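Listed below are the residues making up each chain.
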Amino acid sequence: MVTIPTVTLNDGTAFPQLGLGTYQLDGADGADAVLAAIGNGYRLLDTAVNYGNEDAVGAAVRRSDIDRDEIIVATKVPGRDHGYHETIRSAQGSLARLGLDRIDLYLIHWPNPRVDKYVDTWRAMIALQEEGTVTSIGVSNFTEGMLTRLIDETGVVPAVNQVEMHPYFPQTALRAFHERNDIRTESWSPLARRSELLAEQAVADAAARHEVSPTQAVLRWHVQLGSTPIPKSADPSRQRENAEVFGFSLSDAEVAEISRLERGRLWDGDPEVHEEF
Ligand code: NAP
């Protein structure tokens with residue numbers, strides 16, 4: 001089993017430097033896959049109402065013999081539940097589906113700026129944190145402008161912003177803003193969904209030099225840029241491979257070479273215009 005190191009969030013929580021994406025891990029097979037990941041050392045599990053698998057993730061946590069306090073279950077408020085009272089109700093629904101008595105990390109899934117309710121949603125998350133229903137609060141797919149607005153209007157800085165990030169979209173400017181404001185970056189689709197990324201020369205060269213797989217080189221790139229990647233894998237051996245990225249370091253030149261693969265988002269997921277409900 002791998003020990004995945006942690007960093008400290010702005011609220012004092014110890015937060016893993018790598019976690020498990022769970023999109024499409026559902027039903028009994030999904031619960032088995034999540035349980036295997038916990039056995040492989042994963043302590044951060046990323047689910048969402050809209051993945052339809054909070055029940056499978058919660059079942060795996062309950063079946064695991066790892067102490068509950070060592071696992072961070074992250075779930076997300078969907079766009080259709082934006083608003084103060086709606087968010088409070090949404091959290092209760094998530095808790096019931098998870099079968100857990102608290103949410104460790106609660107995120108706003110998408111900002112949906114045209115609806116313009118993310119500040120009210122954030123106020124509800126602050127209240128949920130104050131009453132202890134939720135331990136850490138953060139956002140997903142927020143831009144610098146949206147983060148600034150949340151902070152200016154509520155005084156509470158999100159602990160995490162989970163955003164699209166991979167070598168094709170390294171999020172250089174947003175990461176710098178996160179660093180200045182002590183917001184932890186989390187990378188979704190960190191492997192760019194297993195596209196041609198893994199065959200890129202810069203990735204293959206770094207992998208060969210360190211005698212690791214291309215996937216491990218990419219995940220190490222995230223770690224060294226100060227982001228927590230959440231690769232999804234249903235397969236226990238690929239889960240292990242993905243977690244074994246703490247025994248080597250890329251050089252600054254290798255990190256820079258991989259970052260030069262930048263070409264843009266995987267799909268049209270610009271949070272200024274893309275909305276999800
Ligand atoms: P990803 O993690 O970049 O890629 C997942 C794909 O890579 C799967 O097809 C998986 O297949 C394969 N894979 C994993 N490890 C591998 C390995 N070692 N070798 C070869 N192939 C490997 O993509 P993602 O699922 O889109 O993103 C990860 C997580 O981010 C999601 O599961 C979800 O939790 C989160 N997410 C959040 C948002 C948001 O808006 N906040 C959006 C998208 C995703 P196998 O399962 O067969 O191994």
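Residues numbered from 1 in each chain as written. Predicted model: local features only at pLDDT ≥ 70, side-chain atom pairs only at ≥ 80, totals over all residues. Heavy atoms only, no water.

Visitor: Hey, could you run me through the site of the ligand in this one?
Guide: The environment of the ligand is made up of 27 residues, and the closest members are D46, S189, R193, S233 and R238. Y23 has a polar backbone atom sitting 3.0 Å from an oxygen atom of the ligand. At 2.9 Å, a side-chain N or O of N141 approaches an oxygen atom of the ligand. Out of a free accessible area of 910 Å², the ligand has 90% covered by protein chains. (Near = heavy atom within 4 Å. Polar contact = N/O pair within 3.5 Å; in protein donor to acceptor, adjacent residues only side chain to side chain. Areas by Shrake-Rupley, 256 points an atom, 1.4 Å probe, with all protein chains shown as cover.)

Visitor: Explain the pattern of salt bridges to me, please; I cannot follow it from the model alone.
Guide: Side-chain pairing between opposite charges can occur once the charged atoms of the two side chains come close. Applying the stated criterion across every chain, the model contains 14 salt bridges. With a shortest N-O distance of 2.9 Å, R149 and D116 are connected by a salt bridge. Taken together, the residues R149 in helix α5 (residues 144–154) and D116 in the loop between β6 (103–108) and α4 (118–131) connect sequence positions 33 residues apart. For R149, a relative accessible area of 28% translates into the label partly exposed. A relative accessible area of 41% places D116 in the partly exposed class. Close ionic contact of R260 with E257 constitutes a salt bridge, the shortest N to O distance being 2.6 Å. Within the structure, one salt-bridge network assembled from shared partners comprises R68, D69, R102 and D104. (Salt bridge = Lys/Arg side-chain N within 4 Å of Asp/Glu carboxyl O. Helix = DSSP H or I, 4+ residues; strand = E, 2+ residues; numbered from the N terminus. Buried < 20%, exposed > 50% of the residue type's maximum accessible area, 1.4 Å probe, protein only.)

The values reported here are purely geometric and, on their own, carry no functional implication.
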